[in-house]
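An overview of the molecular structure
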Amino acid sequence: MKAVVFEEFGGPEVLKYVDLPKPVPGPGQVLVKTMSAGVCKADWRVRTGRSQWLTSPFPVTVGYESAGVIEALGEGVTGFSVGQPVHVLHMAVYGTNADYMAVTADDVAPLPEGMDFDAAAAAFNYFVAWGLLEQVVQASPGQSLYIGGAAGGIGTAVIQLAQHKGVEVIASASTEEKCAYLRGLGVEKVFNYKAEDDVAAVKRLSGGRGVDYVYDQVAGPAFCRQFDMLATYGQIILYNYLGGYPEDREIIHLLQSKCEGCYGIRYFSIHVHDTDPAGFRKVKERVLGLIASGAVKPPIYKVLPLSEARRAHEMIEAGEVLGKLVLHPEG
Ligand SMILES: NC(=O)c1ccc[n+]([C@@H]2O[C@H](COP(=O)([O-])OP(=O)(O)OC[C@H]3O[C@@H](n4cnc5c(N)ncnc54)[C@H](OP(=O)(O)O)[C@@H]3O)[C@@H](O)[C@H]2O)c1
């Protein structure tokens, strides 16, 4: 079978499209034939050696997520059947960018009947968005959020789930093309954060009140400015820190100096489910159901052949992907 592997950490050039033996499912595993594999920013973390969860030795087959069909069951597997369409997410072994993957049954979720494989391969973003909106906080109708750099996979998922819940969205991006994409998702309050100060824009677009939640993947030196985007009891919810740490490390002093706002900071990681597989199964079921019903529709930016995984990683690194990028095996 074909697979995309890397034998050293580095840029997209370390990815190789190679032949590997077709895996045989071991006890407790299922063999899944890949129909569509998602590519996401988190793949970059793994490929560059930034993931603390990688457990496989080199060569590592890349890829967190995919959707496909069960081709064989390993010893002791119950509750699944050959021919069943499933979603695969593995956050330690990876390996979905291949024609086939043998994966523990716990990391496989049944797809609702008739679900599109590309939409299913985008579900990981919506699991994260679900955590951000439903688990870290319970965002509710009438509340508001701001999300910056929102035209990527997770930004899109947060926007769509928020709209589905009746939460008001303010979103930004770095280019006019990305802002147009955000408007196309139905967001009315959009601004280009390169052209307008983000704190001023969020204040303006929230009528001076501020928002209940700021979703932030960047943090960075200017992190603390974002307190000025918040309404009373507002929270900043981090899901990465691409820009590094805040310059102002005296955060507690700063929070005290703004104590009339009673602000909070949370950090969400999907790895919160590592110790709660039953809870994660319920999240997957709810989210896959929402996507299958058409309540939220993952926009597919491009479908590339699996052999072009390197190009897919270059596109993710260039920040050009609007929504979700997926790979299709060629076999
Ligand atoms: N916490 C978790 O459990 C979890 C799970 C999965 C992924 N993540 C993280 O979630 C983030 C989004 O993932 P994704 O798959 O949605 O990514 P994506 O599709 O590549 O989108 C990322 C977007 O972020 C913006 N951005 C802002 N600063 C950036 C920077 N320094 N480098 C690159 N892009 C930047 C870009 O938009 P602009 O050009 O408009 O700024 C881009 O559109 C990533 O940081 C990823 O590591 C977190």
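Here we summarise the structure given alongside this text. (Residues numbered from 1 in each chain as written. Predicted model: local features only at pLDDT ≥ 70, side-chain atom pairs only at ≥ 80, totals over all residues. Heavy atoms only, no water.)

Let us now look at the overall build of the chain. Scanning the chain from terminus to terminus reveals nine helices and 16 strands. Against the compact-globule benchmark of 20 Å for 331 residues, the chain has a radius of gyration of 20 Å, which places it among compact chains. When the backbone C-alpha atoms are referred to their principal axes, the chain occupies close to 60 × 40 × 35 Å. Classification of the 331 residues of the chain by burial places 54% in the buried group. The contacts in the chain between residues at least 6 apart in sequence include a share of 69% that link residues at least 24 apart. Accessible surface for the chain amounts to roughly 14300 Å². Of this, 52% is attributable to carbon and sulfur atoms. (Helix = DSSP H or I, 4+ residues; strand = E, 2+ residues; numbered from the N terminus. Rg over C-alpha atoms; globule rule 2.2 N^0.38 Å. Buried < 20%, exposed > 50% of the residue type's maximum accessible area, 1.4 Å probe, protein only. Contact = heavy atoms within 4.5 Å. Areas by Shrake-Rupley, 256 points an atom, 1.4 Å probe, with all protein chains shown as cover.)

In this section: the site of the ligand. Of all residues adjacent to the ligand, which total 20 residues, the nearest are Ser174, Lys178, Tyr193, Gln217 and Ile270. Within the backbone of Lys41, one N or O atom sits 3.0 Å away from an oxygen atom of the ligand. The contact in question runs from an oxygen atom of the ligand to an N or O atom on the side chain of Asn240, over 2.9 Å. When the free accessible area of the ligand is taken as 920 Å², the share hidden by the protein chains comes to 86%. (Near = heavy atom within 4 Å. Polar contact = N/O pair within 3.5 Å; in protein donor to acceptor, adjacent residues only side chain to side chain.)

A word on the sheet that holds strand E4 (residues 60-61). Across the sheet, which stays open at both edges, the three strands sit in the order E2-E1-E4 with antiparallel pairing between neighbours. Sheet topology places strand E2 (16-19) and E4 at the edges, where each strand pairs with a single neighbour. The pairing of strand E1 (residues 2-6) with E2 spans four bridges and is classified as antiparallel. Following the sheet pairing, Val5 is matched in E2 by Lys16. (Pairing = 2+ DSSP bridges.)

Turning our eyes to something else, we now look at the packing of helix H3 (residues 123-135) against helix H8 (residues 277-292). Packing of H3 against H8 leaves a shortest axis separation of 10 Å and a crossing angle of 110 degrees. Taken together, the axis directions place H3 and H8 in an arrangement best described as roughly perpendicular. The handedness of the crossing between H3 and H8 is right-handed. Within the contact between the two elements, H3 uses Ala123, Tyr126, Phe127, Trp130 and Gln135 and H8 uses Phe280, Val283, Lys284, Arg286, Val287, Leu288, Leu290 and Ile291. Split into classes, the residues belonging to the contact of H3 with H8 amount to 10 nonpolar, one polar and two charged. (Axes fitted to C-alpha atoms, helices over the stretch in contact; angles between N-to-C directions. Parallel < 35°, antiparallel > 145°, perpendicular 65-115°, else oblique. Left-handed = near helix turned anticlockwise from the far one by under 90°. Nonpolar A, V, L, I, M, F, W, Y, C, P; charged D, E, K, R; others polar.)

Scanning the model with the defined rule gives 14 salt bridges in all. Here Asp19 ties to Lys2 by a salt bridge, and the two come within 3.2 Å at their closest N and O atoms. Here Asp19, found in strand E2, pairs with Lys2, found in strand E1; they are 17 residues apart in sequence, far enough to count as distant. With relative accessibility at 57%, the residue Asp19 sits in the exposed group. Here Asp212 and Arg209 are joined by a salt bridge, their closest N and O atoms 2.9 Å apart. Accessibility expressed as a relative area gives 8% for Asp212, which makes it buried. With relative accessibility at 45%, the residue Arg209 sits in the partly exposed group. Counted as one network, the salt bridges with shared partners bring together Asp197, Asp198 and Arg225. (Salt bridge = Lys/Arg side-chain N within 4 Å of Asp/Glu carboxyl O.)

For the bond from Phe58 to Pro59, the omega torsion is -5 degrees, close enough to zero to count as cis. On the secondary structure map, Pro59 appears in the loop between helix H1 (41-47) and E4. Its identity is not glycine, yet Tyr94 carries a phi of approximately 60 degrees, on the positive side. Note that Tyr94 resides in the loop between strand E6 (85-89) and strand E7 (100-104).

Treat this as a map of the structure, not an account of what it does.
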